[in-house]
Amino acid sequence: MATDPQAPIGEDDLHAFVDGRLDPARAPAVERYLAGRPEEAARVRAFAAQRDALREALAFKAAEPIPARLRIESLHAARRRAMLARGRAAAAAALLLLTGAGLGWAARGTLQAQVAPAALPSAPATLHRLLAQAPLRLEVSARETDIAGWLRQHLGEEMPLPDLAGFGFALDSAWVLPAAAGASAMLRFVDTDGIAVSVWRRPTHDPVPRPLRCADEPGGLVTYSWSDGRQLHAVTAPLPRERLRPIAQAVERAMEAPSSAPVGAMAGLVRQPCRVGLG
Amino acid sequence: MGRQAVKDRDRRMEALVPALRRFAWSLTRNADEADDLVQDCLEHALGAWQRRHGDGNLRAWLFAILYNLYVSGRRRLARRARLLEQVAQFGEVATPAGGPDSTVQCAEVLGQVDTLPEEQRAVLLLVGVEGLSYEETAEVLDVPVGTVMSRLSRGRERLRRMAEEQQAPVAALRRVV
């Protein structure tokens, strides 16, 4: 657009005039131009009237209260949920790694027949099929079941339930899955934002205790894992290390709590877990 | 990005939601589709925030995302197909005319804007309704400012002619009714 007061008047000047975006140096020239040409002035007025009518026709939309789903906070929550869903898939994959040979037991027969000739199915798909075929109910909600009793029944021993209320997480559900040396269990804790922390435990044949260690996993997941020489534990969540670390430590303390349940076959090999400081 | 910066960014984004909804509605003329578009736009913006270079114009950036999503029209196609089905079912039902005069006029101006080529319509809406500067509009549409000016000029002139041609017969009809 011209800013030179002497330049000839152009269409762009007329539209800038309508839109109030005319360079101040140009304004007098445009006004003089329009004053001498009533037809052009009428055209400019028509442009402005049209613009105003269009604004008026659409004003209602901008005046409407915005729907809740377009609040940025709702969008953040939706993003967290999406991350969580990805986290669940990753957690399912992690579970299959943790349960390891247990799946072989579960998958013998039907699964093997279906799966063996083709490429290996994805871990979540395997889990899905496994759950579909399972004669037992493998997941229960904390709202409808006494988790401690249910776990005792399925694991054949007491499993301490960590209290993560201090971190804002409440027990939501529990899972039990077959594993090589017994059954593995998962506890799922959820906070008010829908972020989930999963706590895994499965028996291990490796009697050597492993101190707490941390691993970053795909999808923004962080896992803290350790072994007390009897059970392997993992705490996984889409949280930064510094937030998950105290949670994992709390779970570790809870899992150390003396159990009144019958001890397993590896009990004689239990050693105290290393109390190595964390970097 | 610090917590405060995120809060500030969210506040500035949310302040633009009414204008984004208006622009989306003026493009799609369908409330649900418009809000889907705004939601897509905001989700995209939140996801792409890190890749946003510099501290450019937030408004122009969001309008650009929305407009590009509209043009690429992923959801629009699905909805259009559903609409077509409905039209096929209710094709014989006439649209009742009526409502106060201002509504008729508003519908008229919207109907006229709809007949413009897409790029002229977008310029008229961005400049005239959303109050974006010519430079911002150029940024949204990813064209030079000169192109914005010529589209604005052609679109407005076309609308003006249309209004001139329609004025007389429409007024006569209204008197009859």
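Residues numbered from 1 in each chain as written. Chains lettered and ligands numbered in written order. Predicted model: local features only at pLDDT ≥ 70, side-chain atom pairs only at ≥ 80, totals over all residues. Heavy atoms only, no water.

Engineer: I'm lost on the overall build of chain B in this one. Help?
Structural biologist: In terms of regular secondary structure, chain B is built from nine helices and zero strands. Its helices and strands in sequence order give chain B the pattern α-α-α-α-α-α-α-α-α, from N to C terminus. The buried share of chain B, taken over its 177 residues, is 45%. Long-range pairs, those at least 24 residues apart, make up 70% of the contacts in chain B between residues at least 6 apart in sequence. About 9600 Å² of surface is accessible on chain B, with carbon and sulfur atoms providing 54% of the total. (Helix = DSSP H or I, 4+ residues; strand = E, 2+ residues; numbered from the N terminus. Buried < 20%, exposed > 50% of the residue type's maximum accessible area, 1.4 Å probe, protein only. Contact = heavy atoms within 4.5 Å. Areas by Shrake-Rupley, 256 points an atom, 1.4 Å probe, with all protein chains shown as cover.)

Engineer: Before we go on, may I ask you to explain the packing of aromatic side chains in this structure?
Structural biologist: Here a ring pair, both rings aromatic, is described through the centre-centre distance and the interplanar angle of the planes. Residue and element names in this part refer to chain B. Applying the stated criterion across every chain, the model contains five aromatic pairs over all chains. Ring geometry for Phe23 and Phe63: centres 5.3 Å apart, planes at 50°, overall tilted. On the criterion of sequence distance, the pair formed by Phe23 in helix H2 (residues 17-28) and Phe63 in helix H4 (residues 58-72) is long-range, its members being 40 residues apart. As far as burial versus exposure is concerned, Phe23 and Phe63 are alike and both buried. (Phe/Tyr/Trp six-rings, centres within 6.5 Å; stacked < 30°, edge-to-face > 60°.)

Engineer: When you look at the environment of A:Cys214 in this model, what are you seeing that I'm missing?
Structural biologist: Residue and element names in this part refer to chain A. Within the secondary structure layout, Cys214 lies in strand E5 (residues 210-217). For the pair Cys214 and Tyr224, spaced ten residues apart in sequence, the C-alpha to C-alpha distance is 4.5 Å. When residues no more than four places from it in sequence are discounted, the contact partners of Cys214 are Val222, Thr223, Tyr224 and Arg241.

Engineer: Hey, could you run me through the layout of surface pockets in this one?
Structural biologist: Over the atoms, a rolling probe the size of a water molecule traces out where space has been left empty. What the largest pocket holds in volume is close to 1200 Å³. If you trace the largest pocket, you find 29 residues lining it, with A:His76, A:Arg80, B:Val6, B:Arg9 and B:Asp10 closest to the centre. For the lining of the largest pocket, the elements supplying multiple residues, two or more each, are helix H4 (72-99) of chain A together with helix H1 (3-15) and helix H3 (31-48) of chain B. Tallied by class, residues from the lining of the largest pocket come to twelve nonpolar, four polar and 13 charged. (1 Å grid on protein atoms, 1.4 Å probe; cavity = no way out; pocket = protein on both sides within 12 Å on 5 of 7 lines; lining within 4 Å. Points joined across faces, edges and corners; volume = space filled by probe spheres on them. Nonpolar A, V, L, I, M, F, W, Y, C, P; charged D, E, K, R; others polar.)

Engineer: Help me understand the pattern of salt bridges, please; the structure alone is not making it clear to me.
Structural biologist: Oppositely charged side chains can form a pair if their charged atoms are brought close together. A complete count under the given rule lists 27 salt bridges over all chains for this structure. When salt bridges that share partners are traced, they join A:Glu11, A:Glu40, A:Arg43, B:Glu157, B:Arg160, B:Arg161 and B:Glu164 into one network. (Salt bridge = Lys/Arg side-chain N within 4 Å of Asp/Glu carboxyl O.)

Engineer: What am I meant to see in the confidence of the model for chain B here?
Structural biologist: Detailed reading of predicted coordinates is not advised where the pLDDT is low. All names here are of chain B. Looking at chain B, the pLDDT average stands at 79 and 73% of residues meet or exceed 70. The model gives residues 88-103 a pLDDT under 50, and that stretch makes three contacts with residues more than four places away or in other chains. Long-range and interchain partners of residues 170-177, a stretch whose pLDDT sits below 50, account for five contacts in this model, where long-range means more than four residues apart. We note a pTM of 0.52 for the whole complex and an ipTM of 0.75 for its interfaces. (pLDDT = per-residue confidence, 0-100.)

Engineer: Explain the nonpolar core to me, please; I cannot follow it from the model alone.
Structural biologist: If you look at soluble globular proteins, the nonpolar side chains tend to sit buried side by side. Counting residues in hydrophobic clusters, the biggest one holds 70 residues, and the most contacted among them are B:Met13, B:Leu62, B:Leu66 and B:Val140. Looking at this core, the element that brings in the most residues is H4(B), giving eleven residues. Counting residues domain by domain, this core receives three or more from each of domain 1 (1-94) and domain 2 (96-177) of chain B. What B:Met13 contacts, discounting residues up to four positions off in sequence, is A:Ile72, B:Leu42, B:Ala45, B:Leu46, B:Trp49, B:Leu58 and B:Leu62. (Core = buried A, V, L, I, M, F, W, Y, C linked by side-chain atoms within 4.5 Å. Domains from an automatic or database assignment.)

Engineer: Looking at this structure, how should I read H4(B)?
Structural biologist: Quick reminder: α-helices carry 3.6 residues per turn. Residues three or four places apart thus point the same way. All names here are of chain B. The end-to-end C-alpha separation of H4 is 21 Å, in line with the 21 Å expected for 15 residues at 1.5 Å each. Across the 15 residues that make up H4, a large majority, eleven, are buried. By the burial criterion, the buried members of H4 are Leu58, Ala60, Trp61, Leu62, Phe63, Ala64, Ile65, Leu66, Tyr67, Leu69 and Tyr70. Its side-chain oxygen 2.9 Å from the backbone nitrogen of Arg59, Asn57 forms the N-cap of H4. At the C-terminal side of H4, Gly73 shows a positive phi close to 50°. (Expected span 1.5 Å × (residues − 1). Polar contact = N/O pair within 3.5 Å; in protein donor to acceptor, adjacent residues only side chain to side chain.)

Engineer: Looking at this model, I keep getting lost on the confidence of the model for chain A. Mind explaining?
Structural biologist: Residues and elements named next belong to chain A. Of the residues in chain A, 71% have a pLDDT of 70 or more, and the chain-wide mean is 75. Of all the helices and strands in chain A, helix H6 (residues 110-115) carries the lowest mean pLDDT, 34, while helix H1 (residues 11-19) carries the highest, 93. Within the model, the stretch residues 100-127 combines pLDDT values under 50 with 32 contacts to residues more than four positions away or in other chains. In this model, residues 259-279 is a region of pLDDT below 50 whose contacts with residues beyond four sequence positions or in other chains number 30 contacts.

Engineer: Is there a simple way to explain empty space enclosed by the protein in this structure?
Structural biologist: Using the criterion set out here, one finds four cavities of 30 Å³ or more in the structure. Within this model, the second largest cavity holds a volume of roughly 60 Å³. As for the second largest cavity, its lining consists of A:Phe47, A:Gln50, A:Arg51, A:Leu54, B:Leu124, B:Gly128, B:Arg156 and B:Leu159. Mapped onto the lining of the second largest cavity, the elements with two or more residues apiece are helix H3 (38-63) of chain A together with helix H7 (118-129) and helix H9 (145-176) of chain B.

Engineer: When you look at unusual backbone geometry in this model, what are you seeing that I'm missing?
Structural biologist: The general pattern is negative phi for most residues beyond glycine and trans for most peptide bonds. Residue and element names in this part refer to chain B. Backbone geometry places Arg29, a non-glycine residue, at a positive phi of 60°. A positive phi angle, near 60°, is found at Asp142, a position not held by glycine. Inspection of the secondary structure puts Asp142 in the loop between helix H8 (134-141) and H9. Judged by its relative accessible area of 70%, Asp142 is exposed.

Engineer: Any chance you could explain the side chain of B:Gln112 here in plain terms?
Structural biologist: Mapped onto the fold, B:Gln112 is located in helix H6 (residues 101-114). Not counting the four nearest positions on each side in its chain, B:Gln112 is found in contact with A:Gln50, B:Leu159, B:Met162, B:Ala163 and B:Gln166.

Engineer: Help me understand the interface of chain A and chain B, please; the structure alone is not making it clear to me.
Structural biologist: How big an interface is tends to be expressed through the accessible area that disappears when the partners come together. Taken together, the 34 residues of chain A in the interface contact 41 residues of chain B. For the pair chain A and chain B, the summed buried surface comes to about 3500 Å²; carbon and sulfur atoms form 66% of the total. For the pair chain A and chain B, the interface holds five salt bridges. Note that A:Arg71 is salt-bridged to B:Glu14, the shortest N-O span being 2.5 Å. Those elements that provide at least two residues to the side of chain A that touches chain B are H1, H3 and H4 of chain A. (Buried area = accessible area lost by both parts, 1.4 Å probe.)

Engineer: Help me understand the packing of H4(B) against H7(B), please; the structure alone is not making it clear to me.
Structural biologist: Helix packing for two helices is described by the angle between their axes and how far apart those axes are. Residues and elements named next belong to chain B. Two elements in contact, H4 and H7, have axes separated by 13 Å at closest approach and are oriented at 155°. Taken together, the axes of H4 and H7 are roughly antiparallel relative to one another. Taken as a pair, H4 and H7 cross one another with a handedness that is right-handed. From H4, Phe63, Tyr67 and Tyr70 reach across to H7, where they touch Glu118, Glu119, Arg121, Ala122 and Leu126. Of the residues contributing to the contact of H4 with H7, the split by class is five nonpolar, no polar and three charged. (Axes fitted to C-alpha atoms, helices over the stretch in contact; angles between N-to-C directions. Parallel < 35°, antiparallel > 145°, perpendicular 65-115°, else oblique. Left-handed = near helix turned anticlockwise from the far one by under 90°.)

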